[in-house]
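Commentary on secondary and tertiary structure
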Amino acid sequence: MNDTHPTVAVAELMRILIDEEGMEWDEAWQVTTHCVAYTNHTIMAEALEKWPIDIFQRILPRVYQIVEEINRRFVLDIQARFPGDEEKVRSMAILYDGQVRMANLAICAGFSVNGVARLHTEILKNESLKDFYEMFPEKFNNKTNGITQRRFLAHGNPLLADFVTKYCGKGWETDLTKTIKLVEKAEDPKVQKAFMDIKRENKKRLAKYIKEHNGIDVNIDSIFDVQVKRLHEYKRQLMNILHVMYLYNQLKENPDMEFTPRTFIFGAKAAAGYRNAKMTIKLINNVAEVINNDASIGNKLKVVFIEDYKVSNAEIIFAAADVSEQISTASKEASGTGNMKFMLNGALTIGTMDGANVEMFEEVGGDNMFIFGMSADEVIAHERNHDYHPMDIYNHDRDINRVLNQLIDGTYSYGDHELFRCLYNALLNDKPGNPADRYFILADFRAYAKAQMDISEFYNEKEAWAKSAILNVAHVGKFSSDRTIQEYVDDIWHLDKIKVNNTGMF
């Protein structure tokens, strides 16, 4: 069960086995619980599906009856395991407070429960699903996500694919660990030049796409700094664009300052009813309009929002990126796969120690990534202790104060002081059950700005940058979906391989 969306399959299989196959409950439950396993893809509680009981019951009356019986028996099991602990029942019951909680059903019935990065799985075990882990420790395991090199290198970046074949030989298409051979070439000036020439050609390709679709001329010699992913507050696209505003303020105050040219590229889609996400997209585009039309900064800074982000334009974007923005609030990103796609294409990551970034760090080393910000443990501690006060930062940091005030002074909203008020309020104004800056943007802002400054300096060390970029490609082998799927096969599905002959027939 891939996240909570298909969890109704548990009750539907029970219905088929009991009503159509004539099984008794215990036999049907034995079959069902050996058929279903659950992969959790998010730590965010709001993304774990919950259905109002009245809607569920009206649409699926017989299935709901079965869910009721599953829940009745499960609650008895909880009470037997934890006598008198009603908090455990509240936390783990499938039916509670007028809702059908699909994740709870998936864990109750599934013979396996896995997260999609090691840190994510540990947070599930110790925080989000702690009670379930205490009851079913044998069910929990980790399967770190992966990506397919056949799509995001062979197809999306043919120039780099030929480069990898030249120095690593054939076979990386089905065994990505072969890219490790690039380690011995990473300091070779000729190899570095060949790699950077490929990157430049890919930047030309993306620049052409941007000109055709956005009407913006971008400098291919600038750093292509890219954040493309679903728009969610925890992914902190807002921190990225606030930092762009901060850089613009610096350039306006001192146009002659030493500044490595930057092109900040965004791509994202937001849920239709997600106001702050939609307003962040609006802010990015409004900031882009102001900055891109300001001749006084000498073409040193550009901002692009690529519309209709999808796989086909993602291939062009990943291939051209110099910097990969993986800046989620630590403890919030389950894994990420964009981070792996950028790594595969030789971009350097600026990121928090979150999701699969942690494992990428272990593979390629801290010298070849730019890590900043609070750890997952620090974030969780602040959330538990309620001791984070972003207004203190706003009141004592002149630059942050100025940037946030620009959200409500009309600088980027044609004089409309209220357009971005919701973003300003989200950062500074506490509400019951919804604390200010719940994703710690202001807490991490200075560390983020420092890491960005380090990137600018390092980018000017051309040989060192090329070496790090090559080493990212060299160490990406772990993050192939081939490895991930094999782990599911071996540890969860227990499938046998089927050999296919040359005619394509089994």
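Residues numbered from 1 in each chain as written. Predicted model: local features only at pLDDT ≥ 70, side-chain atom pairs only at ≥ 80, totals over all residues. Heavy atoms only, no water.

**Regarding the overall build of the protein**
Which entries qualify depends on this criterion: Put simply, DSSP H or I for four residues or longer makes a helix, DSSP E for two residues or longer makes a strand, and each gets a number counted from the N terminus. Atoms counted for the radius of gyration: C-alpha only. Globule rule: 2.2 Å times the number of residues to the power 0.38. Burial classification: accessible surface area is computed with a 1.4 Å probe over protein chains only, and a residue below 20% of its type maximum counts as buried, one above 50% as exposed, and the rest as partly exposed. Here, residues are in contact when the closest pair of their heavy atoms is within 4.5 Å. Only four residue types enter the tally: Lys and Arg on the positive side, Asp and Glu on the negative side, with His and both chain ends excluded. Lysine's charge is taken at NZ, arginine's at CZ, aspartate's at CG and glutamate's at CD.
In terms of regular secondary structure, the protein is built from 23 helices and twelve strands. Taken over the C-alpha trace, the protein has a radius of gyration of 25 Å; the compact-globule value for 506 residues is 23 Å, and the two agree within 12%. Evaluated residue by residue, the protein yields a buried proportion of 55% over its 506 residues. Excluding contacts between residues fewer than 6 apart, the proportion of contacts in the protein whose partners are at least 24 apart in sequence is 74%. Measuring between centres, the 60 positive side-chain charges of the protein sit 5 Å from its 74 negative side-chain charges.

**Some details on the environment of Ala 321**
Positionally, Ala 321 belongs in the loop between helix H14 (311-320) and strand E10 (323-326). Separated by 156 residues in the primary sequence, Ala 321 and Thr 165 have C-alpha atoms spaced 21 Å apart. Look past the residues within four positions of Ala 321 in its chain and what remains in contact with it is Lys 199, Phe 224, Val 226, Phe 342, Gly 346 and Ala 347.

**Observations regarding the sheet that holds strand E5 (residues 113-115)**
For clarity, the threshold we go by: Strand pairing is assigned whenever DSSP detects at least two bridges linking the two strands. Between the N-to-C directions of two axes lies an angle of 0 to 180 degrees, each axis being a line fitted to C-alpha atoms and, for a helix, fitted only over the stretch in contact.
Ordered in space as E1-E5-E6, the three strands form an open sheet in which the pairing is parallel. What marks the edges here is a single partner per strand, and that holds for strand E1 (38-39) and strand E6 (140-142). Across two bridges, the pairing between E1 and E5 is parallel. Across the sheet, the residue bridging to Thr 39 is Asn 114, located in E5. Across the face of the sheet, helix H7 (residues 118-128) comes into contact with E5 and E6 while running at roughly 160 degrees to E6.

**As for the sheet that holds strand E8 (residues 262-267)**
The sheet built from six strands is open, its strands ordered E9-E8-E7-E10-E11-E12 with parallel pairing. Only two strands of the sheet have a single neighbouring strand rather than two, namely strand E9 (301-306) and strand E12 (369-371). Between one strand and the next, the sheet's axes are offset by a mean angle of 20 degrees, whatever the strand orientation. As defined by bridge partners, strand E11 (residues 348-351) adjoins E12 across three bridges and the pair is classed as parallel. If you follow Gly 351 over to E12, its bridge partner there is Ile 371. The strands touched by helix H12 (residues 237-253) are strand E7 (223-228), E8, E9 and E10; relative to E8, the strand with the most contacts, the crossing angle is about 155 degrees. Across the sheet, H14 lies against E7 and E9, angled at about 140 degrees from E7, the strand it touches most.

**A few points about the side chain of Arg 483**
Put simply, the rule is: A 3.5 Å cut-off defines polar contacts: any pair of N or O atoms within that distance qualifies, except that in protein one atom must be a possible hydrogen donor and the other a possible acceptor, and neighbouring residues in sequence count only when both atoms are side-chain atoms.
Within the element layout of this structure, Arg 483 appears in helix H23 (residues 481-493). Within the structure, the side chain of Arg 483 is placed 2.8 Å from the backbone oxygen of Lys 478, a separation counted as a polar contact. Excluding its chain neighbours within four sequence positions, the residues that come into contact with Arg 483 are Thr 144, Asn 145 and Lys 478.

**Considering a negative patch on the surface**
Short version of the rule: Each patch is built from residues that are more than 30% exposed by relative accessible area and take part in no salt bridge. Like charges join if they lie within 9 Å; nonpolar side chains (Val, Leu, Ile, Met, Phe, Trp, Tyr) join within 5 Å. All accessibility values rest on the Shrake-Rupley procedure with a 1.4 Å probe; residue burial counts only the protein chains present in the view. Salt-bridge detection follows one rule: a side-chain nitrogen of Lys or Arg within 4 Å of a carboxyl oxygen of Asp or Glu.
Residues Glu 258, Glu 457, Glu 461 and Glu 463 make up a contiguous surface patch of negative charge. Along the chain, the position of Glu 258 falls in the loop between H12 and E8.

**So, helix H22 (residues 462-474)**
To be explicit about the condition: For a helix, the expected span equals 1.5 Å multiplied by the residue count minus one.
With 13 residues, H22 extends 18 Å from end C-alpha to end C-alpha; this agrees with the ideal 18 Å at 1.5 Å per step. Taken together, the buried positions of H22 are occupied by Trp 465, Ala 466, Ser 468, Ala 469, Ile 470, Leu 471, Asn 472, Val 473 and Ala 474.

**Quick notes on helix H20 (residues 421-428)**
What H20 keeps buried is the set Cys 422, Leu 423, Tyr 424, Leu 427 and Leu 428. Each element contacted by the buried residues of H20 is listed here: H12, helix H13 (275-292), helix H18 (390-396), helix H19 (398-405) and helix H21 (441-459).

**Here's the deal with the packing of aromatic side chains**
The geometry of two aromatic rings is summed up by the distance between their centres and the angle between their planes. Spelled out, the test is: Two aromatic rings from Phe, Tyr or Trp, using only the six-membered ring of Trp, form a pair when their centres are within 6.5 Å; if the ring planes differ by under 30 degrees the pair is stacked, by over 60 it is edge-to-face, and anything between is tilted. Only lysine NZ and arginine CZ atoms are considered, and such an atom sits over a ring when it is within 6 Å of the ring centre and within 35 degrees of the ring normal.
Considering all chains together, one arrives at 16 aromatic pairs under this definition. Note on Tyr 133 and Phe 140: the rings are 5.4 Å apart at their centroids and 85 degrees apart in plane angle, and the pair reads as edge-to-face. By relative accessible area, Phe 140 is classed as buried at 11%. Among the aromatic residues, those joined into a ring-pair cluster are Phe 370, Phe 458, Tyr 459 and Trp 465. Over the aromatic face of Phe 136 sits the side chain of Lys 139, whose NZ or CZ is 4.0 Å from the ring centroid. The ring of Phe 224 has Lys 203 sitting right over it, with the charged end atom 4.8 Å from the ring centre.

**Overview of the environment of Glu 24**
Position of Glu 24 relative to the elements: it lies in the loop between helix H1 (8-20) and helix H2 (25-32). On the basis of relative accessibility, which here comes to 62%, the residue Glu 24 falls in the exposed class.

**Points about the pairing of E8**
How we decide: By definition, the crossover connecting two strands over a helix is right-handed if that path, from the first strand to the second, turns clockwise as seen with the strands pointing away from the viewer.
In terms of residue burial, E8 counts as a mostly covered element, since six of its six residues are buried. Burial along E8 is two-sided: Arg 262, Phe 264 and Phe 266 and Thr 263, Ile 265 and Gly 267, pointing in opposite directions, are all buried. In this structure, E7 lies alongside E8, joined through six bridges in parallel fashion. Within the sheet, the bridge partner assigned to Gln 227 lies in E8 and is Phe 266. One crossover worth recording links E7 to the parallel E8 by way of H12, and it is right-handed. In this view, the connection linking E8 to its parallel neighbour E9 by way of H13 has right-handed handedness.

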